[in-house]
Amino acid sequence: MIPSGVKPVSIIHDSFPSVDDRIGEVAAYMLLKNYPSSIIEKFYGICDEYDFLLNPAEFKEDLFQLEWLLRYSDNLCEKLNECSIQKQIIINSIEKAFMGNSLSELQLKRLFRIYQIMEKH
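Below is a summary of the structure that appears in this document. Just so it is clear, the model here is predicted, and its values are computed rather than measured. The residue numbers shown here count from 1 along each chain, following its written sequence. Local features are withheld for residues below a pLDDT of 70 in this predicted model, meaning they are given only at 70 or higher, and side-chain atom pairs are given and counted only at 80 or more; totals for whole chains, interfaces and linings count all residues. Excluding hydrogens and water, the side-chain figures rest on all heavy atoms present in the structure.

With respect to the overall build of the protein
1) Next: The secondary structure content of the protein amounts to 7 helices and 0 strands.
2) Next: When the elements of the protein are put in sequence order from the N terminus, they spell out α-α-α-α-α-α-α.
3) Next: Accessible area is worked out with a 1.4 Å probe on protein chains only. A residue is then buried under 20% of its type maximum, exposed over 50%, and partly exposed in between. Each of the 121 residues in the protein was classed as buried or not, and the buried ones make up 31%.
4) Next: In this description, contact between two residues means that some pair of their heavy atoms is separated by no more than 4.5 Å. Considering only contacts in the protein between residues 6 or more positions apart, those separated by 24 or more positions represent 58%.
5) Next: To measure how exposed things are, a 1.4 Å probe is used in the Shrake-Rupley method; for residues, cover is taken only from the protein chains shown. For the protein, the exposed surface amounts to about 8600 Å²; the carbon and sulfur share of it is 55%. Only DSSP runs of H or I reaching four residues or more are called helices, and only runs of E reaching two or more are called strands; each is numbered from the N terminus.

Shown next as structure tokens:
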């Protein structure tokens, strides 16, 4: 029993992210650090985001998920801009998103920033 005037302490349940939740971060890190392609190729097919980041030549554009971009840093977007395949997939996806009305103002601002990065070159 809790004495009167004492506020109960709640326990916050927190969990570790699953491997699937973190694989895109690992792939982005590997991409930014320029790991050898032999290491990268060993992990082809683990998940769609990984394939997009590390093996764009084999990636099917319809598997791309716009929410990936919302997690990417400007540095990673600049790196993706160097690959014409990734750049075109990103531009196409952002343009489709701008035609719809399902994004928040914050998401639209972030996607516009990424679009500007993709249009630099």
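Anyway, onward from the coordinates.
Some details on the packing of aromatic side chains
1) Next: Aromatic pairing here means that ring centres of Phe, Tyr or Trp (its six-membered ring) are within 6.5 Å. Orientation follows from the plane angle: under 30 degrees is stacked, over 60 is edge-to-face, and everything else is tilted. This model, assessed by the stated rule, comprises 6 aromatic pairs.
2) Next: With a centroid separation of 6.0 Å and 35° between ring planes, the pair formed by Phe-52 and Trp-68 is classed as tilted. Taken as a pair, Phe-52 in helix α3 (residues 48-54) and Trp-68 in helix α4 (residues 67-71) lie far apart in primary sequence, 16 residues in all. Accessibility classification places Phe-52 together with Trp-68 in one group, the buried group.

A short note on helix α6 (residues 84-99)
1) Next: Take the number of residues in a helix, subtract one, and multiply by 1.5 Å to get its expected span. Compared with the 22 Å implied by 1.5 Å per residue over 16 residues, the 23 Å span of α6 between its first and last C-alpha is a close match.
2) Next: Looking only at α6, the buried set comprises Gln-86, Lys-87, Ile-89, Ile-90, Ile-91, Ser-93, Ile-94 and Ala-97.

Considering the packing of helix α5 (residues 74-81) against helix α7 (residues 105-118)
1) Next: It is the contact of α5 with α7, at a shortest axis distance of 9 Å, that shows an interaxial angle of 40°. It follows that α5 is oblique to α7 by the angle criterion. Handedness of the α5/α7 crossing: right-handed. Across from Asp-74, Cys-77, Glu-78, Leu-80 and Asn-81 in α5, the residues of α7 making contact are Arg-110, Arg-113, Ile-114, Ile-117 and Met-118. Only the contacting stretch of a helix is used when fitting its axis, a line to C-alpha atoms as for every element, and angles between N-to-C directions run 0 to 180 degrees. Here is the rule for angles: anything less than 35 degrees is roughly parallel, anything more than 145 is roughly antiparallel, 65 through 115 is roughly perpendicular, and the remaining ranges are oblique. Whether a crossing is left-handed or right-handed is set by the direction in which the near helix is turned from the far one by less than a right angle, anticlockwise for left-handed and clockwise for right-handed.

Some words on the environment of Leu-76
1) Next: Relative to the helices and strands, Leu-76 is located in helix α5.
2) Next: With relative accessibility at 2%, the residue Leu-76 sits in the buried group.
3) Next: Beyond its immediate sequence surroundings of up to four residues, Leu-76 is in contact with Ala-28, Leu-31, Leu-32 and Leu-53.

Things to note about the environment of Lys-87
1) Next: Residue placement: Lys-87 occurs in helix α6.
2) Next: Using a relative accessible area of 16% as the deciding quantity, one classes Lys-87 as buried.
3) Next: Each C-alpha atom, one on Lys-87 and one on Tyr-115, is 9.4 Å from the other, the two residues being 28 residues apart in sequence.
4) Next: There is a polar contact of 3.2 Å between the side chain of Lys-87 and the backbone oxygen of Met-118. Contacts described as polar in this section are N or O atom pairs within 3.5 Å, which, within protein, must combine one atom able to donate a hydrogen with one able to accept it, while residues neighboring in sequence count only if both atoms come from side chains.

Side note on the nonpolar core
1) Next: Formed by 30 residues in total, the largest nonpolar core has its most connected members in Phe-52, Leu-53, Leu-69, Tyr-72, Leu-80 and Ile-90.
2) Next: Among the secondary structure elements, those contributing two or more residues to this core are α1 (19-32), α3, α4, α5, α6 and α7.
3) Next: Residue contacts for Leu-80: discarding those within four places in its chain leaves Leu-31, Phe-52, Leu-53, Tyr-72, Gln-86, Lys-87, Ile-90 and Met-118. The criterion is simple. A nonpolar core is a set of buried Ala, Val, Leu, Ile, Met, Phe, Trp, Tyr and Cys residues joined through side-chain atoms within 4.5 Å.

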